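# Structural overview
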There are 2 protein chains.
Amino acid sequence: MTTIRIYVTYKPSVFDPQGAAITDSVNSLGHQEVKNIVVGKFFDIKLDEDDQDKAKQDVKEIAEALLVNFNMETYRLKVLEEN
Amino acid sequence: MTTIRIYVTYKPSVFDPQGAAITDSVNSLGHQEVKNIVVGKFFDIKLDEDDQDKAKQDVKEIAEALLVNFNMETYRLKVLEEN
């Protein structure tokens, strides 16, 4: 088994409305020390595949077919564990 | 400046409907090797605070006041950088 995490965030050029709204709320709560909040999603994908390179290739295909909107988003992969 | 990431996931006892739906979709696409997908959110919080312990305490307060629904969710903190 291999578990791979996909991190999905907005591209830097795309405005993150949720992050901006949360930053405002946090500042209103009295936390003026907070300068910026960026929001993202992650997916922990557990595969029945022991070859890490093959697992990464599978996850890349899944991200590109289903999980990432390439117009607005970008993603990164991280292998979490293999056993 | 310190940047701290908050990872928010459903508690293990709470059913993750989005994760289950995505796992089904991925299996339907032909990726039968995928056994489970867990979905989560993360928040990268940039604070004007150089004391890491103070920054962590601030972020803990923010998570508990605003970002985490303790009925269903749990969270973890990770310091990303300090400079």
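The present account deals with the structure reproduced in this document. Source: prediction; values computed, not measured.

Turning next to the interface of chain A and chain B. Contacts between the two partners involve 34 residues from chain A and, on the opposite side, 34 residues from chain B. Across the chain A/chain B interface, buried area totals approximately 2700 Å², and carbon plus sulfur atoms make up 69% of it. Remark: the boundary between chain A and chain B carries zero salt bridges. Our count for the chain A to chain B interface comes out at 11 residue pairs in polar contact (both at pLDDT 80 or more). No other element matches strand E2 (residues 34-47) of chain A, which puts 14 residues into the side of chain A that touches chain B.

By secondary structure assignment, the location of Asp-44 of chain B is in strand E2 (residues 34-47). A distance of 2.6 Å separates the side chain of Asp-44 of chain B from the side chain of Arg-5 of chain B, its partner in a polar contact. In contact with Asp-44 of chain B, other than residues within four places in its own chain, are Asn-36, Ile-37 and Val-38 of chain A together with Thr-3, Ile-4, Arg-5 and Leu-80 of chain B.

Turning our eyes to something else, we now look at the relation of the copies chain A and chain B. Screw-axis analysis of chain A against chain B gives a translation of 0.0 Å along the axis, an RMSD of 0.0 Å, and a rotation angle of 180°. In short, the pair behaves as if placed about a two-fold rotation axis. Closest approach to the rotation axis within chain A is made by the C-alpha atom of Lys-41 of chain A, at a distance of 2.2 Å. Looking at the interface residues of chain A, 100% of them are also at the interface in chain B, so both copies use one shared face.

A cluster of acidic residues, Asp-48, Asp-50, Asp-51 and Asp-53 of chain A, forms a negative patch on the protein surface. Topologically, Asp-50 of chain A is positioned in the loop between E2 and helix H2 (52-67).

Moving on to the environment of Glu-49 of chain A. All names here are of chain A. For Glu-49, the location among the structural elements is in the loop between E2 and H2. Taking C-alpha positions, Glu-49 is 45 Å from Glu-33, a pair spaced 16 residues apart along the chain. Apart from the residues lying within four places of it in its own chain, the contact partners of Glu-49 are Met-1, Thr-2, Lys-54 and Ala-55. A distance of 3.1 Å separates a polar side-chain atom of Glu-49 from the backbone nitrogen of Asp-51.

The next subject is helix H2 (residues 52-67) of chain B. The periodicity of an α-helix, 3.6 residues per turn, causes residues three or four places apart in sequence to face the same way. Residues and elements named next belong to chain B. Looking at H2, one finds that the buried residues are Ala-55, Asp-58, Val-59, Ile-62, Ala-63 and Leu-67. Seen from one end, H2 has its buried residues packed into an arc of 140°, which puts them on one side. Facing away from the buried surface of H2 by more than 90 degrees, the exposed residues are Asp-53 and Ala-65. In this structure Asp-51 caps H2, since a side-chain oxygen of it lies 3.0 Å from the backbone nitrogen of Asp-53.

This brings us to the packing of aromatic side chains. We describe a pair of aromatic rings using the distance from one ring centre to the other and the angle between the two ring planes. All names here are of chain A. The final tally for this structure, using the stated rule, is four aromatic pairs over all chains. With centroids separated by 6.0 Å and ring planes inclined at 80°, the aromatic side chains of Phe-70 and Tyr-75 adopt a geometry described as edge-to-face. For the cation-ring pair, Arg-5 lies above Phe-42, with the distance from its terminal atom to the ring centre recorded as 4.3 Å.

Conventions adopted
Residues numbered from 1 in each chain as written. Chains lettered and ligands numbered in written order. Predicted model: local features only at pLDDT ≥ 70, side-chain atom pairs only at ≥ 80, totals over all residues. Heavy atoms only, no water. Contact = heavy atoms within 4.5 Å. Buried area = accessible area lost by both parts, 1.4 Å probe. Salt bridge = Lys/Arg side-chain N within 4 Å of Asp/Glu carboxyl O. Polar contact = N/O pair within 3.5 Å; in protein donor to acceptor, adjacent residues only side chain to side chain. Helix = DSSP H or I, 4+ residues; strand = E, 2+ residues; numbered from the N terminus. Least-squares fit on C-alpha atoms with pLDDT ≥ 70 in both. Patch = residues over 30% accessible without salt bridge, like charges linked within 9 Å, V, L, I, M, F, W, Y side chains within 5 Å. Areas by Shrake-Rupley, 256 points an atom, 1.4 Å probe, with all protein chains shown as cover. Lys, Arg positive; Asp, Glu negative; His and termini not counted. Charge placed at Lys NZ, Arg CZ, Asp CG, Glu CD. Buried < 20%, exposed > 50% of the residue type's maximum accessible area, 1.4 Å probe, protein only. Arc of directions from axis to C-beta. Phe/Tyr/Trp six-rings, centres within 6.5 Å; stacked < 30°, edge-to-face > 60°. Lys NZ or Arg CZ within 6 Å of the ring centre and 35° of its normal.

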